[in-house]
Structure formats: structure tokens, C-alpha cells
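Structural overview
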Amino acid sequence: MTGTSGGGPSKLARRMPLMAPALIALLAGLWSGLLRLGLDLPDLRTDFAGLHGPLMVLGFLGTQVGLERAVALGRGWTYLVPAAAGAGSLALILGLPPEIGQTLLAVGGLLLIAVSVAIHRLQPAWHNTVMGLGAVAWAIGAIAWLFDAALVDVVPWLAAFLVLTIVGERIELSRMVNPPESARRQMLAAVAVFIGGLVVAVWSADVGLRIAGGGLLAQTLWLLRYDVARRTIRMGGATRYMATAMLAGYFWLTVASVTLIVNGALSGYGFGYDAVLHAIFLGFVFSMIFAHAPVIVPAILGVKLPYRPVFYLPLALLHASLAARLVADAVGATEVWRVAGAVNEVAILLFLVLAVTSAIRARGASAPQARAAS
Amino acid sequence: MGITPDQHFARLEQEQRRAAIAAADPEGASGRRLEQLLENGTTPEAAREALREVIDPELGIDIVSLGLVRDVTLADGEFVVQYTVTTPACPLSEVIEDEIRACLSRLPDVTGVQPRLVFDPPWEPEQMDEQARAALGWGG
């Protein structure tokens, strides 16, 4: 391996202990998802299905985001974010008293706020503020869950954590296309309406979620106009693949926000709830994950993950099965919904398999070159 | 018949690298400039031109055009490259460093490569060159 840090354990060996809980949380989250779909599978405990949301959003992605920021800043204490989130996930999965895992997850969110402040000090820019608000949303959601708020009330804050984090990153990238000064005001207003709606929803879910839906739609329309993906989709290879995945994500964000505006409160855990949540978490968030794995895995683990055109396959499967799922939600076709949901997970697992094989092959390929060079 | 899977994927990776470089520089202008500069030896100017092979995967644009390469100096065959990233929240600096090292190590007479991440002065979009601005659709 082209050694960067000289002697000592490789980057993969150093970072994997922090990444592993995230991957375990993903697998446990997927398992609990299958349980929620009503598949006849063994559940580890009676409450396991209820862990689906927190494990996917905070266990998997919270740990992942925290790890990315820690690698970026390179400061020891910032690694406490993925450590806390990872430990919290494992505590929940292992069936320890839930307060332990919930507290650790809440601590992770609070620490991410501190990390966001540090980032803002290095670069006082409004895109960092938006990402920081995402960290605040994580903390609010986790603390609410710790104090026994119903998941249906916690989930909007979990969604806000991911939406604001990703939107902040896309705003940062959008600087490359030189948007006008007015664009900043527009996006900040959209974010304010979005967060304002979530706050109002604490007292009146119906009114608040419609407002939040409006703010979400405004953010999406802004991104459809100013995201670099509109330019980079014209390029080839990995760049076009990433842009395609992002733009597809904005379609689902539009669907989710319009549904929120029209339907308002997600009454219980029914089809409307399922549709809005998975349009956001699968259509937008997982599409973004599929897009960036070839960039993030090398950055975090030091493992090459070359883009291959076959990566379009799980991407297409994800979006096609999501479309089927949402149509099933709309007409109340339970069996179709169940199958579509299972195929959503197949798409994710397929992507993981393709990513791992791509990484293994790339490792084997570069080793002979390194030996030849030394 | 006869090429191993490892060789196949090594070749695939090389092809993708060449394709990314070609996409970022369709007329091969950078490659020709590099050849010309190397005729005078491996100078900092040649190194800077060579760094156009390091490409941001999301944008399909090289780090020199993006204005991320701040300074390239040479002492006793060892290159010191001062570079920046567009945001301190970006975890890609280690990957970019690896690519800077790999890229410059391929040049003749290079004994070492030291990339150094700097944040001052902060990166601004205006530091992108004409090529990058055109690719990203800046007005006019």
C-alpha cells in the first residue's frame, strides 16, 4: 500500500474500529426494517423493530457523519462523536437498558454541535451554519427520544439532521457555480421555514409539518437550480454517476415535501408516514450515499473504491423499488408495499456487495504496482 | 486468455484515470505543456502542470484549475506542495495528499514529495481559473 504515515497500523486498521459499529447498525437497521415490513423473521427482542429509525439515522449515518468530520479536522476529541454514536448503537442492539444507548446517541449529537462550532471557527460560512443546525436537530431528536417522546414525533428531527447536513454540503459545493447574492437569502429563508415548521409541530403536528414541507420544498427547488450536479451530469464516468444520483434524490425530496404540504400530520405509522419517510431516507439520503461511497470510503478507510458503471444497477433498483413502494402506499396495496420494501433492502445490499468487491479488487491491483515501485 | 482479475482491474483503474484526465482536459493541452516544461528538467512549474492529473471526482475538474494548489517549491529534488481544500469539513485532504505524492513521484529526478494542507488565505471560488469557470457555467 502506498504508505502515507510510514510505520504503525494502516489507516484501515485505525479507522475500522470506529466504522464497524456504523456498519453493524446499518445491518441491524436493515433487519429491523424487514421486521417492520411484516416479514416472518426472527426478531432478537420484542422492541427490535422499533429501533429501525434510530439505528439507520443515528447509529449508521450519525456515526458516519461524525467520522467524516473527525477525519477532516484531524483533532483527537472530534473522534468522540463516532465513538459515542457507535457505542450507543451497540448498546441498543445488545439489549442493554435503552437509556444507555439513547444517552450515548444524545451525547454524540451534542458533541457534533461542538465539532460544528470548531468548523465554523475555521471557516465562518453560512453553509457551515446549516450543517451545524443539522447537528442541533440530531441532539433534539435524540434527547426527545431519551425522554420517551413517541417515535412519530422524534423522526422529523432525525430527518432534519440528515436533510440539513446534506443540504449544507451541497450549498458549499454550489459556490462553484457562482450563485448570486440573493440565493443565500433565499436558502436561509427556506431553512428557517423548515426548522420553524418542525418547532410548530411540537404543539400542532398538522400545521407544523405542512410548514416544514413548504420549507423542504423551497430548499429542494433551490438545489435543483444551483446544485453543481446540474453541470456535472454532462461530464462522464464517476462524475456523471454522482450527479445522476443527487438529481434523482431531489425528485424524491420534492415528492416528500409536496406530500407533507398536502397531507400534514403523519397520522400514526400508516402509509403516508411510510411514504414521506422513505422518499427522504431512501430516495434522497441513500441515493446520496450510493453516489459518494467511491469518494468517502477512500477518504475514511484509505481503501480505494473505484467507480464502475455497474454501480448504476443498485441505484436504478433503489429508485424503481421506491417508486413501487410509494405507489403501493398511495393505493394501500399492502403486499406490493411489502415486496417493494424488501427490494429496497436488496438494492442496498447489492450496492454493499459491489462496493466491497470493487475495493477488494482495487487492493489486489495496487499491491503489485507498489512492490514494483519500491 | 491469461490476464488475472487483478491485472484486469489494474488496467480498468488506469483507463478510468486516463478517462478522467482526458475529460478534464479534452484536447490534451496539459499533457503537451507538461512535456514541454519537463524538457527544462523537473521544475516547480512542471510539477504544478503535472498536478493537473489530480482531479476532484465530484466536479471532474483538476485541483490546479480549482485554485487549490497554493505553492510548489523544490529543494534537493524534494517537492513541497502547499495546497488547500474548499472547506475544513471535507475529509478528502488525505486522499488528495496521496494523489499529489503519487502524481509527482512519477516525474523524473524526484526524491520526495511533501504535501502541506493550509487554510490561510481561505479558498474562494474566484481562485478557480478560466477553464474551471467555463466547465461550471460561469456567466459569459
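Residues numbered from 1 in each chain as written. Chains lettered and ligands numbered in written order. Predicted model: local features only at pLDDT ≥ 70, side-chain atom pairs only at ≥ 80, totals over all residues. Heavy atoms only, no water.

1. Describing unusual backbone geometry
In this structure, the amide linkage connecting B:Asp120 to the following residue, B:Pro121, adopts the cis form with an omega of -5°. Position of B:Pro121 among the secondary structure elements: in the loop between strand S5 (112-117) and helix H5 (130-135). Of note, A:Asp148 is a non-glycine position whose phi angle comes to about 70°, a positive value. Considering the arrangement of structural elements, one finds A:Asp148 in the loop between helix H5 (126-146) and helix H6 (151-174). (Helix = DSSP H or I, 4+ residues; strand = E, 2+ residues; numbered from the N terminus.)

2. Describing the environment of A:Leu80
All names here are of chain A. In this structure, Leu80 sits in helix H3 (residues 80-93). Here Leu80 falls in the partly exposed class, since its relative accessible area comes to 46%. Along the sequence, Leu80 and Leu112 sit 32 residues apart, while their C-alpha atoms lie 8.9 Å from each other. (Buried < 20%, exposed > 50% of the residue type's maximum accessible area, 1.4 Å probe, protein only.)

3. Thoughts on the interface of chain B and chain A
Accessible area lost upon the coming together of the parts serves often as the stated size of an interface. Taken together, the 29 residues of chain B in the interface contact 42 residues of chain A. Here chain B packs against chain A, burying approximately 3300 Å² in sum over the two surfaces, 60% of which is carbon and sulfur. Contact with chain A buries area across many residues of chain B, yet B:Glu58, B:Pro88 and B:Pro91 alone supply 20% of it, more than any other trio. At the junction of chain B with chain A, the criterion picks out three salt bridges. Close ionic contact of B:Glu94 with A:Arg15 constitutes a salt bridge, the shortest N to O distance being 3.0 Å. Along the contact surface separating chain B from chain A lie 12 residue pairs in polar contact (both at pLDDT 80 or more). Looking at the side of chain B that touches chain A, the elements that each hand over two or more residues are helix H1 (5-24) and helix H4 (93-105) of chain B. Of the residues contributing to the side of chain B that touches chain A, the split by class is 18 nonpolar, five polar and six charged. (Contact = heavy atoms within 4.5 Å. Buried area = accessible area lost by both parts, 1.4 Å probe. Salt bridge = Lys/Arg side-chain N within 4 Å of Asp/Glu carboxyl O. Polar contact = N/O pair within 3.5 Å; in protein donor to acceptor, adjacent residues only side chain to side chain. Nonpolar A, V, L, I, M, F, W, Y, C, P; charged D, E, K, R; others polar.)

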